[in-house]
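Spelled out, the chains give:
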Amino acid sequence: MELSKPVNEIIRQRFSCRTYKNQAIPAWISDKILSYTRENSVGPFGGRSRFHVLENLDLAPNEKIGTYGFITGASAFLAGAIQKDEKCFVDYGFIFEKLILYITDLGLGTCWLGGTLHRSEFASKMELKADEIIPAVSPVGFIHETRSLKEKTIRFFAGSAKRKAWAELFFHNQAGTSLSEKEAGSYVIPLEMVRLAPSASNKQPWRVIYDSQKQRFHFFLERSKSYDWLKMKMDMQGLDAGIALCHFELTAREAGLTGKWEILSPDEIPATSFEYIVSWIAN
Ligand SMILES: Cc1cc2nc3c(=O)[nH]c(=O)nc-3n(C[C@H](O)[C@H](O)[C@H](O)COP(=O)(O)O)c2cc1C
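Residues numbered from 1 in each chain as written. Predicted model: local features only at pLDDT ≥ 70, side-chain atom pairs only at ≥ 80, totals over all residues. Heavy atoms only, no water.

K.L.:
Residue-level account of the layout of surface pockets, with values.
P.N.:
Roughly 750 Å³ of internal volume is contained in the largest pocket. Considering the residues around the largest pocket, the lining is formed by 32 residues, among which Ser16, Arg18, Ser199, Ser201 and Asn202 are closest to the centre. Taken together, the elements giving at least two residues each to the lining of the largest pocket come down to helix H1 (7–13), helix H5 (149–158) and helix H10 (236–254). Split into classes, the residues belonging to the lining of the largest pocket amount to 17 nonpolar, nine polar and six charged. Taken domain by domain, the makeup of the lining of the largest pocket includes at least three residues from each of domain 1 (7–152) and domain 2 (166–282). (1 Å grid on protein atoms, 1.4 Å probe; cavity = no way out; pocket = protein on both sides within 12 Å on 5 of 7 lines; lining within 4 Å. Points joined across faces, edges and corners; volume = space filled by probe spheres on them. Helix = DSSP H or I, 4+ residues; strand = E, 2+ residues; numbered from the N terminus. Nonpolar A, V, L, I, M, F, W, Y, C, P; charged D, E, K, R; others polar. Domains from an automatic or database assignment.)

K.L.:
Describe the domain arrangement of the chain, and please don't skip the residues or the numbers.
P.N.:
If you check the domain split of the chain, you get domain 1 (7–152) and domain 2 (166–282). Here domain 1 and domain 2 have C-alpha centroids that lie 24 Å from each other. Taken together, the 24 residues of domain 1 in the interface contact 27 residues of domain 2. Where domain 1 abuts domain 2, roughly 2100 Å² becomes buried across the two surfaces, and 79% of that area is made up of carbon and sulfur atoms. Contact with domain 2 buries surface across domain 1, with Ile11, Phe89 and Phe94 losing the most and accounting together for 28% of the total. Connecting domain 1 to domain 2 are zero salt bridges. Linking domain 1 to domain 2 there are two residue pairs in polar contact (both at pLDDT 80 or more). For the side of domain 1 that touches domain 2, the elements supplying multiple residues, two or more each, are H1 and helix H3 (88–105). The greatest single-element share of the side of domain 1 that touches domain 2, amounting to eight residues, is contributed by H3. Split by residue class, the side of domain 1 that touches domain 2 holds 14 nonpolar, four polar and six charged. (Contact = heavy atoms within 4.5 Å. Buried area = accessible area lost by both parts, 1.4 Å probe. Salt bridge = Lys/Arg side-chain N within 4 Å of Asp/Glu carboxyl O. Polar contact = N/O pair within 3.5 Å; in protein donor to acceptor, adjacent residues only side chain to side chain.)

K.L.:
Which residues make up the sheet that holds strand E6 (residues 206–211), and what are the values?
P.N.:
Read across the open sheet, the five strands follow the order E5-E6-E7-E9-E8; overall the sheet is mixed. Each end of this open sheet is capped by a strand with a single partner; those strands are strand E5 (170–172) and strand E8 (259–262). On average, adjacent strands in this sheet sit at an angle of 20° to one another, irrespective of strand direction. With six bridges connecting them, strand E7 (residues 216–221) and strand E9 (residues 275–282) associate as antiparallel partners. Looking at the pairing, His218 lines up with Ser279 of E9. (Pairing = 2+ DSSP bridges. Axes fitted to C-alpha atoms, helices over the stretch in contact; angles between N-to-C directions.)

Okay, here's the thing in structure tokens:
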């Protein structure tokens, strides 16, 4: 992945940066980012994204109430489009997070923005087609040393620094039986990287059930009722799932653990009220 350090270090380094130095990023950096997007544009379910780095966005005053009203000093935004289909949010989550980790490694700040984002300016700049959507965007810029008051407030309310415990996220053979770090064996770091992932409103909806006999990790979502994504038409928690798959796969591969993603039939996965996404079949 052309990174300067182990991916788990970059995952730990990333945070949602909402205060930037008012300084444009040099053209060679945006070129580097764009060339990386071209080589890393496909998600685990085969969906493909295209990306633009947008500068000098002409945001209408009413758009300031959009979520990037909380973003200060960013001069550039990275936005991607993907063809609408059932799995496009998971694919986009995977692809965009991989990109965000690459940008983090370049020393720049980013912040997933999807919630109440006004997409019209991005859509027109990207010449969005009828069958495409922009699930999320991110500012890209130089990190300001001190966080703005707005940023401190939003981090406080989202509880951004906190993550759920292992026992709430990872299960052994069946939902409800917690998986210990010891039982996770060589997969302890990939799972820990899922735990540290960013998620919309920091809801951390990912759940994993490990079938230790068959060496399979079944990924699920425990959806929050507050995210009525059908009403929003934007599946933020589908993006969260894609981010989790990205962290898991990148750290697993780096550790030499091989496997592949496969959607299994209902009789091959443990019965649970969680929503099934996909399984990692270790080999
Ligand atoms: C899919 C997704 C959508 C998000 N949308 C927004 C957003 O609209 N506005 C915002 O300020 N932060 C947004 N975030 C950032 C989360 O609030 C943040 O990741 C979480 O609080 C954890 O904090 P951290 O990223 O600093 O680790 C989003 C994150 C994800 C993964």
